[in-house]
Amino acid sequence: NWDHAFLVFEEDANALAAVQMVEPTKYFVMPWNPTAENMARYLLEVVAPNVLGDLGVVARRVAVWETDEACAVAIRGGDLAAAPQLAEAVCVDSRS
């Protein structure tokens, strides 16, 4: 899970170099820019089906709050197959 971890875009060499200098550390290398909008969409389209699938529950909406007053919302719409697919993140955890 993303709790207590850095989320770093795989194309951000400076951020990757900085986070790799810290030991111990936990970070996720994201194949997409980890904006609140992309995180909400990833939670809705990738995480929710994996977590809720066996329960017969379908998530329709996910909000990721950036501040007390602003959030990004992903809403399950029509044909998800037509939307570009989000690739999986890679977790690196050097904590003991």
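Everything below is about the structure printed above this text.
All of these numbers come straight from a predicted model, not from anything done at the bench.

Asks: Could you give an account of the overall build of the chain, with specific residues and numbers?
Replies: On a plain count of helices and strands, the chain comes out with two helices and five strands. Counting from the amino terminus, helix and strand elements in the chain follow one another as β-α-β-α-β-β-β. The buried share among the 96 residues of the chain stands at 26%. Considering only contacts in the chain between residues 6 or more positions apart, those separated by 24 or more positions represent 52%. Roughly 6,500 Å² of accessible area belongs to the chain as shown, and the carbon and sulfur atoms make up 54% of that amount.

Asks: Break down the packing of aromatic side chains for me, with residues and values.
Replies: Under the counting rule described, the total for this entry stands at two aromatic pairs. Considering the side-chain rings of Trp 32 and Tyr 42, the 5.3 Å spacing of their centres and the 45° angle between planes classify their relative orientation as tilted. Taken together, the residues Trp 32 in the loop between β2 (26-30) and α2 (36-52) and Tyr 42 in helix α2 connect sequence positions 10 residues apart. Accessibility assignment for this pair places Trp 32 and Tyr 42 in one class, buried. What links up through ring pairs into an aromatic cluster is the set Trp 2, Trp 32 and Tyr 42.

Asks: Break down α2 for me, with residues and values.
Replies: A maximum bend of about 35° is found in α2 at Leu 43. Residues of α2 that are buried include every one of Ala 36, Met 39, Ala 40, Arg 41, Tyr 42, Leu 44, Val 46 and Ala 48, and no others.

Asks: Quick one: what's the story with unusual backbone geometry, residue by residue and with numbers?
Replies: Look at the link from Glu 23 to Pro 24: it is a cis peptide, with omega at -10°. Within the secondary structure layout, Pro 24 lies in the loop between α1 (13-20) and β2. Positive phi, close to 60°, is recorded for His 4, a residue that is not glycine. Within the secondary structure layout, His 4 lies in the segment before β1 (6-9).

Reading the values: the criteria
- Residues numbered from 1 in each chain as written.
- Predicted model: local features only at pLDDT ≥ 70, side-chain atom pairs only at ≥ 80, totals over all residues.
- Heavy atoms only, no water.
- Helix = DSSP H or I, 4+ residues; strand = E, 2+ residues; numbered from the N terminus.
- Buried < 20%, exposed > 50% of the residue type's maximum accessible area, 1.4 Å probe, protein only.
- Contact = heavy atoms within 4.5 Å.
- Areas by Shrake-Rupley, 256 points an atom, 1.4 Å probe, with all protein chains shown as cover.
- Phe/Tyr/Trp six-rings, centres within 6.5 Å; stacked < 30°, edge-to-face > 60°.
- Bend = angle between axes of the 7 residues up to and from the residue.

In short, the description is geometric, and any link to function would need to be established separately.
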